[in-house]
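Structural overview for review
Spelled out from the first residue to the last, the chains are:
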Amino acid sequence: MILEAVESVCELTGQSLPEVCRELNLPESNLRRWKERRQAGKELVGRRGPGKDTSFDFFTLIPRLQRLAFGRKRTGGVGDLFAEHREKISRRDFYALVDLVRRELQGEKKAMERRVECLEPGMVWSMDDADVNPLETGHGHMHVVHDLGSRNTLRALGSQDLADGWTVAASLADLFEKHGAPLVLKMDNGSNLNHREVCRVLDEYGVIPLVSPAYYPPYNGAIENRQRELKRELAHWIGTDKVSERELVLATNLCAHELNLKPRESLDGRTACRVLEDRSTWTRQLDRRDRKEALAEITLLAVDILSELDEHTEKAATTAYRHAVESWLQLNNIIRITRNGEVLPPSSSLSHQNL
């Protein structure tokens, strides 16, 4: 457990909790809250806001999709999950989406040649892990969280060991408090990124998970570029010398900060920090009802896709849900999807004002 580990470091080194949290880039407020909850005999991480009846229930979403997608017409079970549904995608565009999902399930390369670009800062984040090797002990790791719209590296945690699920969850909760929670968080299917505590934090803040296979091509360009930049910057600061874990922690954090202050041509000469700070007002005002409405529409679209496919495997449900998320984001002008440099146009009248 991360709280016990931090307490052990404090005891061994004689450092205070704030000092250890600063060096390890951990949220002190979360650790203090967990400590108080432990002393009171409560769960370390509880839910905020309304009770379970308004939960997003991400744990059971994919199995629910499988159970609901019975045939070529939407099953009545959907009405039990969501009271309202407005048809917003044309028949032609819907069947194009179904074909895209079918092609990916069949392993056709063309379905994976798209490129996804985020247009709205603060709306879609990505988290990922990367290997680094400057440690005296050999292998090291970086856990990185990016805002895809602003190119802002929100956090880069360097460590000897891969960040576990508790560390990832605590880091996300801290970032959500600092910057506001995104609507969607993109990640691969690593066990630490899909840890139950991470899912609980996403559920608490109403963040929709977008889980893609490792090395999923549509996002590779943006995410891999950010990782390469970080590694180059890290090599610049550390050089060829091997360093301690503490030095890696500090250097990794510094590198992320330096890159965020770098003017970028892709951002019209602005810095990633400035773009995130200047994001549209509407991206700051998503409440829980807005998030539940978005998830409802995404889920219904995924059910429709599965009904047309007549394939009710977990892989089909996961793929249909992922494409439903991407389609909803595209229809709302939050992302742009291109293939071979050609923009694939949004296929509906959905817009920001629908949120």
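So, here's what we can say about the structure. (Residues numbered from 1 in each chain as written. Predicted model: local features only at pLDDT ≥ 70, side-chain atom pairs only at ≥ 80, totals over all residues. Heavy atoms only, no water.)

Digging into the packing of helix 12 (residues 288-309) against helix 13 (residues 314-331)
Axis separation between helix 12 and helix 13 bottoms out at 8 Å; the angle between their running directions is 130°. Viewed along their axes, helix 12 and helix 13 adopt a mutual orientation that is oblique. Remark: the crossing between helix 12 and helix 13 carries right-handed chirality. Where helix 12 approaches helix 13, its residues Ala294, Leu295, Glu297, Ile298, Leu301, Ala302, Ile305 and Leu306 are matched on the opposing element by Ala316, Ala317, Ala320, Tyr321, Ala324, Val325, Ser327 and Trp328. Here the contact of helix 12 with helix 13 is composed, by residue class, of 14 nonpolar, one polar and one charged. (Axes fitted to C-alpha atoms, helices over the stretch in contact; angles between N-to-C directions. Helix = DSSP H or I, 4+ residues; strand = E, 2+ residues; numbered from the N terminus. Parallel < 35°, antiparallel > 145°, perpendicular 65-115°, else oblique. Left-handed = near helix turned anticlockwise from the far one by under 90°. Contact = heavy atoms within 4.5 Å. Nonpolar A, V, L, I, M, F, W, Y, C, P; charged D, E, K, R; others polar.)

Some points on the packing of aromatic side chains
Tallying each qualifying case throughout the model produces four aromatic pairs. Relative to Tyr95, the ring of Phe94 lies with its centre 5.2 Å away and its plane at 70°, an arrangement referred to as edge-to-face. Put simply, the rings of Trp125, Phe176 and Tyr205 pair up and form one aromatic cluster. (Phe/Tyr/Trp six-rings, centres within 6.5 Å; stacked < 30°, edge-to-face > 60°.)

As for the sheet that holds strand 1 (residues 114-118)
One open sheet accounts for three strands, arranged 1-7-8; its pairing is antiparallel. Edge positions in the sheet fall to strand 1 and strand 8 (342-344), since each has one partner strand and no second. Direction aside, the axes of adjacent strands within the sheet are offset by 35° on average. Pairing between strand 7 (residues 335-339) and strand 8: three bridges, direction antiparallel. Residue pairing in the sheet places Ile337 in a bridge with Leu344 of strand 8. (Pairing = 2+ DSSP bridges.)

What about helix 13?
Look at helix 13: 26 Å from first C-alpha to last across 18 residues, which is about the 26 Å you get at 1.5 Å a residue. Summarising burial for helix 13: 15 of the 18 residues are buried, a large majority. Looking one or two residues beyond helix 13, the residue adopting positive phi is Asn333, at roughly 60°. (Expected span 1.5 Å × (residues − 1). Buried < 20%, exposed > 50% of the residue type's maximum accessible area, 1.4 Å probe, protein only.)

Details of the packing of helix 7 (residues 165-179) against helix 8 (residues 196-205)
Axis angle and axis distance: for two packed helices, these are the angle between their axes and the distance between the axes, and together they describe the pair. Across the interface, helix 7 lies against helix 8 with an axial gap of 7 Å and an inter-helix angle of 20°. When the interaxial angle is binned, helix 7 and helix 8 end up roughly parallel. When you trace helix 7 past helix 8, the crossing you get is right-handed. Touching Gly165, Trp166, Val168, Ala169, Leu172, Ala173, Phe176 and Glu177 of helix 7 are Arg196, Glu197, Val198, Val201, Leu202 and Tyr205, all from helix 8. In terms of residue class, the contact of helix 7 with helix 8 is built from 10 nonpolar, one polar and three charged.

Quick word on the side chain of Asp188
Structurally, the position occupied by Asp188 is in the loop between strand 5 (184-187) and helix 8. A polar atom in the side chain of Asp188 sits 2.9 Å from the backbone nitrogen of Gly190. Excluding residues within four positions of it along the chain, Asp188 makes contact with Asp128, Leu193, Asn194, Val211, Ser212, Pro213 and Ala214. (Polar contact = N/O pair within 3.5 Å; in protein donor to acceptor, adjacent residues only side chain to side chain.)

Remarks on the pattern of salt bridges
One pass over the full model with this rule turns up 13 salt bridges. Its salt-bridge partner being Arg336, residue Glu117 comes within 2.9 Å of it at the nearest N-O pair. Residue Glu117 is found in strand 1, and its partner Arg336 is found in strand 7; the two are separated by 219 residues along the sequence. Residue Glu117 is classed as partly exposed on the basis of its relative accessible area, which comes to 28%. Arg336 gets classed as partly exposed once you look at its relative accessible area, which sits at 33%. The residue Arg226 makes a salt bridge to Glu229 at a minimum N-O spacing of 3.4 Å. Taken together, the residues Arg226 and Glu229, both in helix 9 (residues 217-238) and three residues apart, mark about one turn of the helix. This pair shows no difference in class: Arg226 is buried, exactly as Glu229 is. Overlapping salt bridges bring together Arg226, Glu229, Lys262 and Arg264 as one network. (Salt bridge = Lys/Arg side-chain N within 4 Å of Asp/Glu carboxyl O.)

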